[in-house]
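Architecture and fold: a report
What follows is each chain in one-letter form.
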Amino acid sequence: MKNVVLLIFLLISNIVLGQNYKQRTTVVQYSASFVKDKEISLKRFEKDYSVYVFYMNVDANKFKKDNIKYVPTIIIYHNEEEYYRIDGGIKLELPENAQQKIKGKLEEIIESKFE
């Protein structure tokens with residue numbers, strides 16, 4: 001009986017924590033080992049936002065669930081909703097101004113809180 005209760009608890013906590021990366025305002029980079037040199041650093045956002053990096057070979061279920069077609073892809077989530085997406089497209093490379101675009105979208109979210 002203890003094992004059944006423990007198993008149920010683990011399953012429920014896994015479901016709840018599985019969406020944890022979309023709560024509040026988060027910046028998520030989806031990537032793969034073969035485009036690691038095309039990723040951008042998200043360190044500048046770590047102070048004010050939750051930042052995650054998922055790799056195709058480790059987190060394949062997230063790629064499928066979040067409809068990731070190209071790598072690298074960066075998605076800003078706000079309150080569990082996709083707010084903004086930028087991807088590498090068929091070139092497998094993010095635009096040069098990707099960090100500025102991300103910064104601008106994050107500022108939009110902050111500004112919307114005061115409207």
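The coordinates are above.
Quick look at the structure, then. The residue numbers shown here count from 1 along each chain, following its written sequence. Local features in this predicted model are restricted to residues of pLDDT 70 or higher, and side-chain atom pairs are both shown and tallied only at a pLDDT of 80 or more, whereas totals for entire chains, interfaces and linings draw on every residue. Values reported for side chains reflect all heavy atoms of the structure, with hydrogen atoms and water molecules removed beforehand.

1. Observations regarding the overall build of the protein chain
The way it works is that DSSP assigns letters per residue, a run of H or I at least four long becomes a helix, a run of E at least two long becomes a strand, and they are numbered from the N terminus. Helix and strand content of the protein chain: 3 helices and 4 strands. Counting helices and strands in the order they occur from the N terminus, the protein chain gives α-β-β-α-β-β-α. Across the 115 residues that make up the protein chain, the buried fraction comes to 34%. We call two residues contacting when some pair of their heavy atoms lies within 4.5 Å. Looking at the protein chain alone, contacts between residues at least 24 apart form 61% of all its contacts between residues at least 6 apart. Each accessible area is a Shrake-Rupley estimate made with a 1.4 Å probe; only the visible protein chains count as cover when residues are assessed. Carbon and sulfur atoms form 54% of the exposed surface of the protein chain, whose accessible area is close to 8000 Å². A 1.4 Å probe rolled over the protein chains alone gives each residue an accessible area, and that area as a share of the maximum for its type sets the label: buried under 20%, exposed over 50%, partly exposed in between.

2. Some words on the pairing of strand β1 (residues 25-31)
In regular strands, side chains alternate between the two faces of the sheet. With 7 of 7 residues buried, β1 is to be regarded as a mostly interior element. Where burial is concerned, the two faces of β1 agree: the one with Thr25, Val27, Gln29 and Ser31 and the one with Thr26, Val28 and Tyr30 are both buried. A pair of strands is treated as paired once DSSP finds two or more bridges between them. Sheet topology places β1 next to strand β3 (residues 73-78); 6 bridges connect them, and they run antiparallel. Bridged to Val28 within β3 is Ile75. Sheet topology note: the β1/strand β2 (residues 50-55) ladder contains 6 bridges and is parallel.

3. Observations regarding the sheet that holds β1
Taking strand neighbours across the sheet as the criterion, the 4 strands line up as β2-β1-β3-β4 in an open arrangement whose pairing is mixed. The sheet is open, and its two edges are formed by β2 and β4 (81-87), each paired on a single side. Pairwise comparison of adjacent strand axes, ignoring direction, gives a mean angle of 20° for this sheet. Relative to β4, β3 runs antiparallel, the two being bridged by 6 bridges. Bridging across to β4, Ile76 finds its partner in Tyr84. Contacts from helix α3 (residues 98-112) reach β1, β3 and β4 within the one sheet, and its direction differs from that of β4 by about 165°. Every axis in this analysis is a line fitted to C-alpha atoms, fitted for helices over the stretch in contact. Angles between the N-to-C directions lie between 0 and 180 degrees.

4. A look at a nonpolar patch on the surface
Candidates for patches are residues over 30% relative accessible area with no salt bridge; among them, like charges are joined within 9 Å and nonpolar side chains (Val, Leu, Ile, Met, Phe, Trp, Tyr) within 5 Å. Within this document, salt bridges are pairs made up of a side-chain nitrogen of Lys or Arg and a carboxyl oxygen of Asp or Glu, the two lying within 4 Å of each other. Side chains of Phe34, Met56 and Leu92 sit close together on the surface and give an oily, nonpolar patch of about 270 Å² of accessible area. Judged by its relative accessible area of 30%, Leu92 falls in the partly exposed class.

5. A closer look at the environment of Lys38
Within the fold, Lys38 resides in the loop between β1 and β2. Contacts of Lys38, omitting those with residues within four sequence positions, involve Pro72, Leu92, Glu93 and Leu94.

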